[in-house]
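Below, each chain spelled out in residue letters.
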Amino acid sequence: MVVIMQPDASASNIKDVIEVIEQAGLQAKVMEGTQQKIVGVIGDKTKLGDANFESMDGVDEVVSISKSYKLASREFHPQSSVIDVAGVQIGGGVPVVMAGPCAVESREQLFEAADIVKEAGAQFLRGGAYKPRTSPYSFQGLEELGLKYLAEARERTGLRVVTEVTTVEAVPRVAEYADMLQVGARNMQNFGLLKAVGRAGKPVLLKRGLAATLNEWLNAAEYIMNEGNPDVVFCERGIRSYETYTRNTLDLSAVAAIKHLSHLPIIVDPSHGTGKWRMVKPMAFAAIAAGADGLMMEMHPNPARALSDGPQSLTPENFREVMDGVHKISAFMKQEHIVPMTI
Ligand code: PEP
Ligand code: MN
């Protein structure tokens, strides 16, 4: 961190700044520019507590040099992390696919979906038991019964289960049934929930907030990791933009940016990212080509009858087609040693 002084800052203004830094047990280093002086802070800046340099006389601005998200940052952890979820590796070079209906609607619907997901070669079954719906009158999910069906579907297929948790109170219950806890877009900055999943002892799938910057997203991961849980996987699911044709604007550049900024894996959800089933396949292919560690996709045995997100849900047939392409693209990239980006 550096404190940039105003051009007309006096020697005593600079002395005051140095005093605050040294009183916190840190080192101050004054650098002379042609116009301004800069005071560099050396050491752990958390020791500064609430020190507010910007309200001190003669201070122009404070600029952070190192990242506020130390645990999630690649800066302090150059090696890419591989996250193990009940024996399935995310970030290990094989794209991981999480698929299933938007919501768990019944045992029959879930079992049918689970069998298709398994047969097509995906590793995870998804399905919401607690649904964060825009309207309180929309289907809210089967709650604990939905979790039970998910656990039964896991027994039946051997798929791992990822499902959303929407409240702090529900964390222990969801953690009891699921292999991976999903924090949805609407809760990405629910800091109480982030801390609770950080203490739940299960890997976390952290979706990007509806209008979150990468910096906010990375700091959300930091909240989880700071509670002692290193197993966080990002999921890009589109952000709000001025475009109304698509439900969200899928930001595939986030894959490359997160890979550069963080050691944690990132997967892409082209279903919520576009809101249109026709766009899921091309965006899924592009995500894999861009270096995503996996995909999350909605698939419903009968999308026309889905209780939520039917328009973006793949039919079983479409899903198999997407899976086939994903397998071929990743096999080709591996065979030809295509490395999506230089980190
Ligand atoms: C979901 O995955 O079912 C979901 C609600 O997604 P998001 O939080 O990305 O909207
Ligand atoms: Mn959905």
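The structure we're discussing is the one just above.
Quick caveat: nothing in here was measured; it's all calculated off a predicted structure.

### Section: the overall build of the protein
1) Next: Along the protein, the regular secondary structure elements total ten helices and 14 strands.
2) Next: Over its C-alpha atoms, taken along the principal directions, the protein stretches across nearly 75 × 50 × 40 Å.
3) Next: Counting only contacts in the protein whose residues sit at least 6 apart along the sequence, the fraction spanning at least 24 positions is 67%.
4) Next: One way to put it: in the protein the 35 positive side-chain charges average out to a point 5 Å from where the 41 negative ones average out.

### A closer look at the coordination of the manganese ion (ligand 2)
Six octahedral donors around a metal ideally sit at 90 or 180 degrees from one another, while four tetrahedral donors ideally sit at 109.5 degrees.
1) Next: Protein-derived ligands of the manganese ion (ligand 2) are Cys102 (SG), His272 (NE2), Glu298 (OE) and Asp309 (OD), with the metal-ligand distances lying across 2.0 to 2.4 Å.
2) Next: Written as a sequence motif, the donor arrangement for the manganese ion (ligand 2) is C-x169-H-x25-E-x10-D. Remark: Glu298 occurs in strand S14 (residues 294–298) and His272 occurs in helix H8 (residues 270–274); sequence separation between them is 26 residues. Residue His272 shares its accessibility class with Glu298, and that shared class is buried.

### A word on helix H5 (residues 191–198)
1) Next: Of all the positions in H5, only Leu193, Leu194, Ala196, Val197 and Gly198 are classed as buried.
2) Next: Considering only its buried residues, H5 is in contact with helix H4 (171–177), strand S10 (180–183), strand S11 (204–207) and helix H6 (214–225).

### Section: the sheet that holds strand S2 (residues 27–32)
1) Next: If you walk across this open sheet you meet the four strands as S2-S3-S1-S4, and the pairing is antiparallel. Because the sheet does not close on itself, it has two edges, and the strands there are S2 and strand S4 (59–63). Each adjacent strand pair in this sheet contributes to an overall mean axis angle of 20°, direction not counted.
2) Next: Relative to S4, strand S1 (residues 2–5) runs antiparallel, the two sharing four bridges. For Met5, the partnering residue across the bridge sits in S4 and is Val59.
3) Next: Across the sheet, helix H1 (residues 11–23) is in contact with S1, S2, strand S3 (37–42) and S4; its angle to S3 comes to roughly 5°.

### What to know about unusual backbone geometry
1) Next: For Asp309, which is not glycine, the phi torsion reads 55° and is therefore positive.
2) Next: Among the structural elements, Asp309 can be located in the loop between S14 and helix H10 (316–335).
3) Next: Using a relative accessible area of 18% as the deciding quantity, one classes Asp309 as buried.

### A look at the environment of Phe234
1) Next: Within the secondary structure layout, Phe234 lies in strand S12 (residues 232–236).
2) Next: Looking at Phe234, the relative accessible area reads 0%, which means it is buried.
3) Next: Sequence-wise, Phe234 and Ser262 are 28 residues apart; in three dimensions their C-alpha atoms are separated by 10.0 Å.
4) Next: In contact with Phe234, not counting residues within four places along its chain, are Leu205, Leu206, Trp217, Leu218, Ala221, Ile258, Ser262, Leu264, Pro265, Ile266 and Ile267.

### Observations concerning the nonpolar core
1) Next: Ranked by size, the top nonpolar core spans 84 residues in total, and within it Met98, Leu206, Met297 and Phe319 carry the most contacts.
2) Next: Non-local contacts of Met98, meaning those with residues more than four positions away in its chain, are made with Ile90, Phe124, Arg126, Val162, Met180, Leu205, Ile267, Leu295, Met296 and Met297.

### Focus on the packing of helix H2 (residues 107–119) against helix H3 (residues 144–157)
1) Next: In the contact formed by H2 and H3, the axes pass within 10 Å of each other and the chain directions differ by 35°. Seen from above, H2 lies across H3 with right-handed handedness. On H3, the residues touching Arg107, Leu110, Phe111, Ala114, Asp115 and Lys118 of H2 are Tyr149, Leu150, Glu152, Ala153, Arg156 and Thr157.
2) Next: Of the residues assigned to the contact of H2 with H3, the class counts are six nonpolar, one polar and five charged.

The rules we used
- Residues numbered from 1 in each chain as written.
- Chains lettered and ligands numbered in written order.
- Predicted model: local features only at pLDDT ≥ 70, side-chain atom pairs only at ≥ 80, totals over all residues.
- Heavy atoms only, no water.
- Helix = DSSP H or I, 4+ residues; strand = E, 2+ residues; numbered from the N terminus.
- Contact = heavy atoms within 4.5 Å.
- Lys, Arg positive; Asp, Glu negative; His and termini not counted.
- Charge placed at Lys NZ, Arg CZ, Asp CG, Glu CD.
- Donors = N, O, S within 2.8 Å, 3.2 Å for Na, K, Ca; no water.
- Buried < 20%, exposed > 50% of the residue type's maximum accessible area, 1.4 Å probe, protein only.
- Pairing = 2+ DSSP bridges.
- Axes fitted to C-alpha atoms, helices over the stretch in contact; angles between N-to-C directions.
- Core = buried A, V, L, I, M, F, W, Y, C linked by side-chain atoms within 4.5 Å.
- Left-handed = near helix turned anticlockwise from the far one by under 90°.
- Nonpolar A, V, L, I, M, F, W, Y, C, P; charged D, E, K, R; others polar.

By themselves these figures say nothing about function.
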